[in-house]
Amino acid sequence: MAAPGFTIGAFILLLNFSSVANYPNGKVMQSCHGMVPEHGHTPRTDPVHNISVSQMTFTPGDQIEVTLSGPEFKGFLLEARDADTLSGPPIGSFTLIDSQVSQVLTCEDIQGLAVSHTNPHKKTEVKVYWNAPNNAPNHIQFLVTVVKNYKTYWVKIPSPVISQQNAPPFITPEATKPSLSTLPPVSHLTKSFSASDCGNKKFCVRSPLNCDPEKEHACVFLSFTQDDQSVMVEMSGPSKGYLSFAFSHDRWMGDDDAYVCIYEGQAVHIQPSHLTGRSHPVMDSREPLEDMAWRLEDGIMQCSFRRNITLPGVKNRFDLNTSYYIFLADGAADDGRIYKHSQQPLITYEKHDVTGHPKNIGGSRSLRLLKAHGALMFVAWMTTVSIGVIIARFFKPVWSKTLFGETAWFQVHRMLMLTTSVLTSIAFILPFIYRGGWSRHAGYHPYLGCIVMVLAGLQPLLAAFRPPIHNPRRQMFNWTHWAMGTAARIIAVAAMFLGMDLPGLNLPSPWKTYAMTGFVAWHVAAEIILEIHAYQLSRKVEILDDARIQIFQSFTVAEAEGHGFKKAVLAIYVCGNMTFLTIFLSAINHL
């Protein structure tokens, strides 16, 4: 389209920038040719750093010391170019003087054509050697891109021109300064977007479905309006960091066409980008975008732009007259730098062509397979197993009559426990179908789930070999059966706590923790009440021997007197249990 409790998961938009400044290790080979950091900001045109050389003339094979100096900076990219053709490829190779602060890069499959930083630490000076090649041109000029911070950088700062001995004098071209692309103009929106034309003139994606960005603060809104050969895009939602959407061929992050609206300095920057794998997105040129505008009011960010349906020759931009999954995400931003989305992205249920017939659609922040996984596990380990345990522990004398060859309590208990095992088995395989294998980003949750699955499978097998009631091994069976069941329930609750925080089923906080804690307390309270009641019944068995008068109250009679109380407690418990279950199932349905 992670560590314990890691909120995973899966679209994309793990949004940090890919650039000279955002690669603290200096591995910026993709910037060798243009030397321009893909930050989405305008480079400074007033260089404050200087390149000096140890000699002004050279012959092939010479080694010349090149020094970059000036105010503190974090990153840099240094190359040598033909002074007559600065847009040409790098010339010669570099040798390091201090490998702790600089490193050679491989550009155009040739090692050593450029030099960059090795870490983001502040520096004021870097020295390297440039090796003049045998086929060196008559005149060489060094160019350096210097990055002070994410927003502040200078591109292609030139050095003095050095020349081969006996070369003709260097004539400065009319324009040696690299031209900077002019950014498209951006205007300010005067009013909120309208959802009135959704499904009529606009193709709209909304969450909640049918919400109105003019009236509802929490409405996440994305619309596409076709106008001849272009499409007008509008995006709105609550955010103080960034909003983004992407077109994807599948439900996974990678190879996607994305667009980001970033809050920075009381303004919103609109930036196209592309994603390759589960990595940081790369910011692209804004030239394909037109009519860009934005608006900020009461924590709501809105931005709009126009782009052509097809953009022949423009890399990473998809044709809009094709069907794609659409992702919507938001997250934090700081000083123009954007971070991982704050919640699982909203993903449409199926692919759509935004230039086709206008529609009004929604999406989900959790896929159906993961929602089914969560729902089945909640039913199994909140309801069926809990009621089955209480019936086996406290209702043997209450439902002691025979039903289909076995006591009634045992038939109910067995039915509930087999249901638990079946639901667990079905739920267990769903994430593997979704992921196509094991998930390395779900922390301890899948490991606990595997333990629960094993125990849930062993319990019915163990019960099938249950010894007769008077067999000496029956007590060992009872303790083993109880221990395995109790362990499975405890581990299942822990797995549910962790699973609620995973991106695939990220239920709203903090109520999910309160609700699960409330369920555990409700179950424990029911067991404690029934245990106290059972203890009080046992105390009614008294033998009073006074003047050979014996008064005996039968334990069985005492138990019978408590049947009504037990049934009342069970009824109340089931109602509360179903209430907690309904809360969780409803929350999953609304994801």
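If you're wondering where the values come from, they're calculated on a predicted model, not measured in any experiment.

Draft legend 1. Looking closely at the packing of helix α1 (residues 368-394) against helix α2 (residues 408-435). Interaxial distance between α1 and α2 falls to 8 Å at its minimum, and their mutual angle equals 160°. The orientation of α1 with respect to α2, classified from their angle, is roughly antiparallel. The chirality of how α1 crosses α2 is left-handed. When grouped by side-chain class, the residues that make up the contact of α1 with α2 number 25 nonpolar, 7 polar and no charged.

Draft legend 2. Summary view of the pairing of strand β7 (residues 110-117). Within β7, 6 of the 8 residues are buried, which leaves it mostly tucked inside the rest of the structure. Of the pairings in the sheet, the one linking strand β6 (residues 102-107) to β7 comprises 6 bridges and is antiparallel in character. Following the sheet pairing, cysteine 107 is matched in β7 by isoleucine 110. Turn length for the β6-β7 hairpin, with the two strands adjacent in sequence and antiparallel, is 2 residues, and the turn residue glutamate 108 shows positive phi of about 55°.

Draft legend 3. View of the pattern of salt bridges. The tally for this structure, following the rule as stated, stands at 14 salt bridges. One salt-bridge network, in which partners are shared between bridges, spans Asp257, Asp284, Arg307 and Arg317.

Draft legend 4. Representation of the sheet that holds strand β3 (residues 63-73) in the model. The strand order across the open sheet formed by 4 strands is β1-β3-β8-β5, and the pairing between neighbours is antiparallel. On the outer flanks of this sheet lie β1 (50-53) and β5 (93-96), each paired with one strand and no other. Between one strand and the next, the sheet's axes are offset by a mean angle of 30°, whatever the strand orientation. Alignment of β1 against β3, held across 4 bridges, turns out to be antiparallel. Each residue of the ladder has a partner; that of serine 52, found in β3, is threonine 67.

Draft legend 5. Main features of the packing of aromatic side chains. Applying the stated criterion to the full structure yields 25 aromatic pairs. Each ring, one from phenylalanine 224 and one from phenylalanine 245, has its centre 5.7 Å from the other, and the planes form 80°; the classification is edge-to-face. With phenylalanine 224 in strand β14 (residues 220-227) and phenylalanine 245 in strand β16 (residues 242-248), this pair connects stretches of sequence that are 21 residues apart. Here phenylalanine 224 and phenylalanine 245 have matching classes, each one buried. Counting every residue linked through ring pairs, the aromatic cluster contains Phe203, Phe224, Phe245, Phe247, Tyr259, Phe305, Phe318 and Tyr324.

Draft legend 6. Molecular detail of the pairing of strand β20 (residues 290-297). Inspection of the sheet shows strand β12 (residues 186-188) paired to β20 by 3 bridges, in the parallel sense. Directly across from serine 187, in β20, lies its bridge partner alanine 293. Where β20 meets strand β21 (residues 300-308), 6 bridges bridge the pair, whose relative direction is antiparallel. Looking at β21, one finds that glutamate 290 is bridged to arginine 306. Turn length for the β20-β21 hairpin, with the two strands adjacent in sequence and antiparallel, is 2 residues, and the turn residue aspartate 298 shows positive phi of about 55°.

Draft legend 7. Representation of the sheet that holds β12 within the structure. Read from one edge of the open sheet, 7 strands run β12-β20-β21-β15-β14-β13-β25, paired in mixed fashion. Two strands lie at the open edges of the sheet, namely β12 and β25 (360-361), each paired on one side alone. Sheet topology note: the strand β15 (residues 230-238)/β21 ladder contains 9 bridges and is antiparallel. If you follow valine 231 over to β21, its bridge partner there is arginine 307.

Draft legend 8. Looking closely at the side chain of threonine 145. For threonine 145, the location among the structural elements is in strand β9 (residues 139-147). A distance of 2.6 Å separates the side chain of threonine 145 from the backbone oxygen of methionine 35, its partner in a polar contact. Not counting residues within four places of it along the chain, the set of residues in contact with threonine 145 comprises Met35, Pro37, Gly75, Phe76, Leu77, Trp154, Val155 and Lys156.

What counts, and at which threshold
- Residues numbered from 1 in each chain as written.
- Predicted model: local features only at pLDDT ≥ 70, side-chain atom pairs only at ≥ 80, totals over all residues.
- Heavy atoms only, no water.
- Axes fitted to C-alpha atoms, helices over the stretch in contact; angles between N-to-C directions.
- Helix = DSSP H or I, 4+ residues; strand = E, 2+ residues; numbered from the N terminus.
- Parallel < 35°, antiparallel > 145°, perpendicular 65-115°, else oblique.
- Left-handed = near helix turned anticlockwise from the far one by under 90°.
- Nonpolar A, V, L, I, M, F, W, Y, C, P; charged D, E, K, R; others polar.
- Buried < 20%, exposed > 50% of the residue type's maximum accessible area, 1.4 Å probe, protein only.
- Pairing = 2+ DSSP bridges.
- Salt bridge = Lys/Arg side-chain N within 4 Å of Asp/Glu carboxyl O.
- Phe/Tyr/Trp six-rings, centres within 6.5 Å; stacked < 30°, edge-to-face > 60°.
- Polar contact = N/O pair within 3.5 Å; in protein donor to acceptor, adjacent residues only side chain to side chain.
- Contact = heavy atoms within 4.5 Å.

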